Amino acid sequence: MAVTQRFDHFIDGRFVPAAGGATLDVYEPAMGSVYATVADGDATDVGAAVTAAVRAFPAWSATPAEERARLLHAIADGIAARADEFANAESRDTGKPRTLARNMDVARSIANCRFFAGAAVQFSSEAHVSAAAVNYTLRDPHGVVACITPWNLPLLLFTWKVAPALAAGNCVVAKPSELTPATATLFAEVCAQVGLPAGVLNIVHGRGASAGQALIEHPDVRAISFTGGTATGAHLAASAGPAFKKLSLELGGKNPNLVFADCDFERTVNESVRAAFLNQGQICLCGSRIYIERPLYERFRDAFLAGAMKLQVGDPDAAGTDLGALTSAGHMEKVLAAIATARTEGGRVLCGGERVRPAGRCADGWFVAPTVIEGLAPGCRTDQEEIFGPVVTLAPFDTEDEIVARANGTRYGLVASLWTRDVDRAHRVARRLQAGIVWVNCWMLRDLRTPFGGTKASGVGREGGLEAMRFFTEPRNVCVLIQGTGNE
Ligand code: TXE
């Protein structure tokens, strides 16, 4: 296939190649072939981007919140006007179905920009009044902040970080995943069109170990918002911690899905299938460990299997496709290796378990069939490690205590779902689960005002709503004595 596109950095309002001229290949996962190149940035490019951001900061931070909000709405309008183009680019770059890119990634990205446009003008700070004094808290933007994003939801997570950073008055240097640079480039085009001042948003492409590392080490970068793998998050914390940079880390998950026998059966099965396989299972929120109360086990398993086997795997451009390709060949190999491990651990593969080669143009794409496994013992690797693909395990349980312990028994703590009609149980179990988010009788029902993030190895800090605005600002308390009250 011809290489038809080139994705450059966006620095100081202009698209520029890497200073050293290096590029990386960008693959179309559904075809397994190269379709574009992307700038392979290094410390020189990061330096230029940070310099532009530092220069832009005084004017941007002094820009009235209403004007920052207006620009974020204009960016949202710009994405909406080109929604199909964004969706096609996201689908081609990631391998996900085009309709999913349109209905989830692009729609949520528009919502992210609008939501934080609102936050820019509605953000307020606290006052603490005592007999002797009034304390009030000023919240200033940090200056230059880094937003580092992964390949599974490229535009959705990019806007989830960049929009609040800009809303709070920061200038941004963003580094999208080197695997999926396309929609960040379209986003930069929109920013330039709507008149976002040069240097306010800069995008440096390239590998994590070079461009990403230079970005987190740059002394003028005061805060880092990162979503990605847990190992990379640990590395970032070790690099940025000694420089006392503010860090938000959204990392992996191994999320339990607890199905009680009194659940709304049909809804639970349908939503559990969606939770397991949406975006090819490549969402940190996916429910990959399904535990079913024993009296319901066989009925649930059979219905779940039927649902999984109905899913169409194939060409992301085809209207009926449910699952597209995984985002890289390396990741596909990792997922297939995890399935092999499950087999050696005694797991029975009930469906899937292998690569799929669709007929036609996608025969060399990186597709894996929806895979359902049962029969694994608690504590095995498959029950512990994030697979991040279309692979789910089923196991029965007998008691509430037993299942809470098993649900909590991994190093992760991102999200959990539980399915029951017993309202007391719902509240009781939700309180005991070690997770940043617990969904009851639903999955991935998002309200952008709520705190979003995980505990344990799933991360540090929260995004969403005011949490994001607080992360992207530095509080300064001002204490004013009131003389003459007799309390001074
Ligand atoms: O992500 P990385 P990887 C999980 C999933 C996956 C695993 C590894 O299990 O298999 O993580 O994925 C940048 N300094 N998730 O290795 O490396 C990198 O360039 C600065 C869960 O592909 O974490 C990219 O932009 N930046 C996750 C971003 O970090 C660095 C989503 C994420 O890449 C860097 C994705 C460095 N030293 C994977 N090294 C989720 N929580 O949703 C890398 N990067």
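One structure accompanies this document, and this report is about it. Owing to the predicted nature of the structure, the values given are computational and were not obtained by experimental measurement.

Rules of the game
Residues numbered from 1 in each chain as written. Predicted model: local features only at pLDDT ≥ 70, side-chain atom pairs only at ≥ 80, totals over all residues. Heavy atoms only, no water. Helix = DSSP H or I, 4+ residues; strand = E, 2+ residues; numbered from the N terminus. Contact = heavy atoms within 4.5 Å. Near = heavy atom within 4 Å. Polar contact = N/O pair within 3.5 Å; in protein donor to acceptor, adjacent residues only side chain to side chain. Areas by Shrake-Rupley, 256 points an atom, 1.4 Å probe, with all protein chains shown as cover. Nonpolar A, V, L, I, M, F, W, Y, C, P; charged D, E, K, R; others polar. Pairing = 2+ DSSP bridges. Axes fitted to C-alpha atoms, helices over the stretch in contact; angles between N-to-C directions. Left-handed = near helix turned anticlockwise from the far one by under 90°. Salt bridge = Lys/Arg side-chain N within 4 Å of Asp/Glu carboxyl O. Buried < 20%, exposed > 50% of the residue type's maximum accessible area, 1.4 Å probe, protein only. Expected span 1.5 Å × (residues − 1). Bend = angle between axes of the 7 residues up to and from the residue. Phe/Tyr/Trp six-rings, centres within 6.5 Å; stacked < 30°, edge-to-face > 60°. Lys NZ or Arg CZ within 6 Å of the ring centre and 35° of its normal.

## Focus: the environment of V221
Okay, step 1: Tracing the chain through its elements places V221 in strand 11 (residues 221-227).
Okay, step 2: Along the sequence, V221 and A243 sit 22 residues apart, while their C-alpha atoms lie 10 Å from each other.
Okay, step 3: In this view, V221 contacts V50, V144, V145, A146, L215 and K245; residues no more than four positions away in its chain are not counted.

## Focus on the site of the ligand
Okay, step 1: In the vicinity of the ligand, 28 residues are found, and the nearest of them are W151, E178, G229, K334 and E386.
Okay, step 2: One nitrogen or oxygen atom from the side chain of Q213 is found 2.9 Å from a nitrogen atom belonging to the ligand.
Okay, step 3: A distance of 2.8 Å is found between an oxygen atom of the ligand and a backbone nitrogen or oxygen belonging to G229.
Okay, step 4: For the ligand, whose unbound accessible area comes to 830 Å², protein coverage reaches 85%.
Okay, step 5: For the shell around the ligand, the elements supplying multiple residues, two or more each, are helix 7 (208-217), strand 11, helix 8 (230-240) and helix 11 (329-344).
Okay, step 6: A total of four residues in the shell around the ligand trace back to one element, the largest contributor, which is helix 7.
Okay, step 7: In terms of residue class, the shell around the ligand is built from ten nonpolar, 13 polar and five charged.

## Topic: the side chain of K96
Okay, step 1: Tracing the backbone shows K96 in the loop between helix 3 (83-94) and helix 4 (98-122).
Okay, step 2: With near-sequence residues (within four places) excluded, K96 lies in contact with E90, S91, A101, M104, D105, N152, L153, P154, N279, Q280, P316 and A325.

## Overview of the sheet that holds strand 22 (residues 437-440)
Within a sheet, each strand pairs with its neighbour through backbone hydrogen bonds, oriented either parallel or antiparallel.
Okay, step 1: If you trace the seven strands from one edge of the open sheet to the other, you get 15-18-19-14-13-21-22, paired in mixed fashion. The outermost strands of the open sheet, each flanked by one partner alone, are strand 15 (348-351) and strand 22. Each strand axis lies, on average, 25° off the axis of its neighbour in the sheet, ignoring direction.
Okay, step 2: Where strand 13 (residues 255-259) lies against strand 21 (residues 415-419), three bridges are found, and the strand directions are parallel. Among the inter-strand pairings, V259 is bridged to a residue of strand 21, identified as W419.
Okay, step 3: Packed onto the sheet, helix 9 (residues 265-277) meets strand 13, strand 14 (287-293), strand 18 (371-374), strand 19 (391-397) and strand 21 and runs at close to 160° relative to strand 21.

## A short note on the packing of helix 13 (residues 400-407) against helix 14 (residues 423-432)
Okay, step 1: Relative orientation of the contacting elements helix 13 and helix 14 amounts to 35°, with a least axis distance of 10 Å. Relative to helix 14, the crossing made by helix 13 is right-handed. Residue-level contacts link E400, D401 and V404 of helix 13 to R425, R428, V429 and R432 of helix 14.
Okay, step 2: Per-class residue counts for the contact of helix 13 with helix 14 are two nonpolar, no polar and five charged.

## Some thoughts on the pattern of salt bridges
Okay, step 1: In the structure shown here, the tally under the stated rule is 29 salt bridges.
Okay, step 2: Across the salt bridge formed by R301 and D302, the nearest N and O atoms sit 3.3 Å from each other.
Okay, step 3: Judged by its relative accessible area of 18%, R301 falls in the buried class.
Okay, step 4: Salt-bridge contacts for D383 lead to R406; the nearest nitrogen and oxygen are separated by 3.2 Å. Residue D383 is located in helix 12 (residues 381-384), and its partner R406 is located in helix 13; the two are separated by 23 residues in the primary sequence. As far as burial versus exposure is concerned, D383 and R406 are alike and both buried.
Okay, step 5: Bridged by salt links that share partners, the residues E28, R92, R98, D315, D317 and R361 form one connected network.

## With respect to helix 1 (residues 43-62)
Okay, step 1: Here helix 1 contains 20 residues, and its C-alpha end-to-end distance of 29 Å stays within 8% of the 28 Å for a straight helix at 1.5 Å per residue.
Okay, step 2: Largest kink in helix 1: about 45°, centred on A56, with the proline P58 one to four residues after it.
Okay, step 3: Listing the buried residues of helix 1 in full gives D45, V46, G47, A49, V50, A52, A53, A56 and W60.
Okay, step 4: Two to three positions downstream of the cap, the backbone nitrogen of T44 sits 3.0 Å from a side-chain oxygen, assigning the N-cap of helix 1 to D42.

## Focus: the packing of aromatic side chains
Aromatic ring pairs: the centre-centre distance and the angle between the two ring planes describe each pair.
Okay, step 1: All chains considered together, the criterion is met by twelve aromatic pairs.
Okay, step 2: On the basis of an interplanar angle of 45° and a centroid distance of 5.0 Å, the ring pair of F10 and F15 is categorised as tilted.
Okay, step 3: The structure contains a cluster of three or more aromatic residues connected by ring pairs, namely F115, F116, W160 and F452.
Okay, step 4: The residue whose ring lies beneath R108 is W160, and the NZ or CZ to ring-centre distance is 4.8 Å.

Without other data, these values stay purely geometric and don't point to any function.
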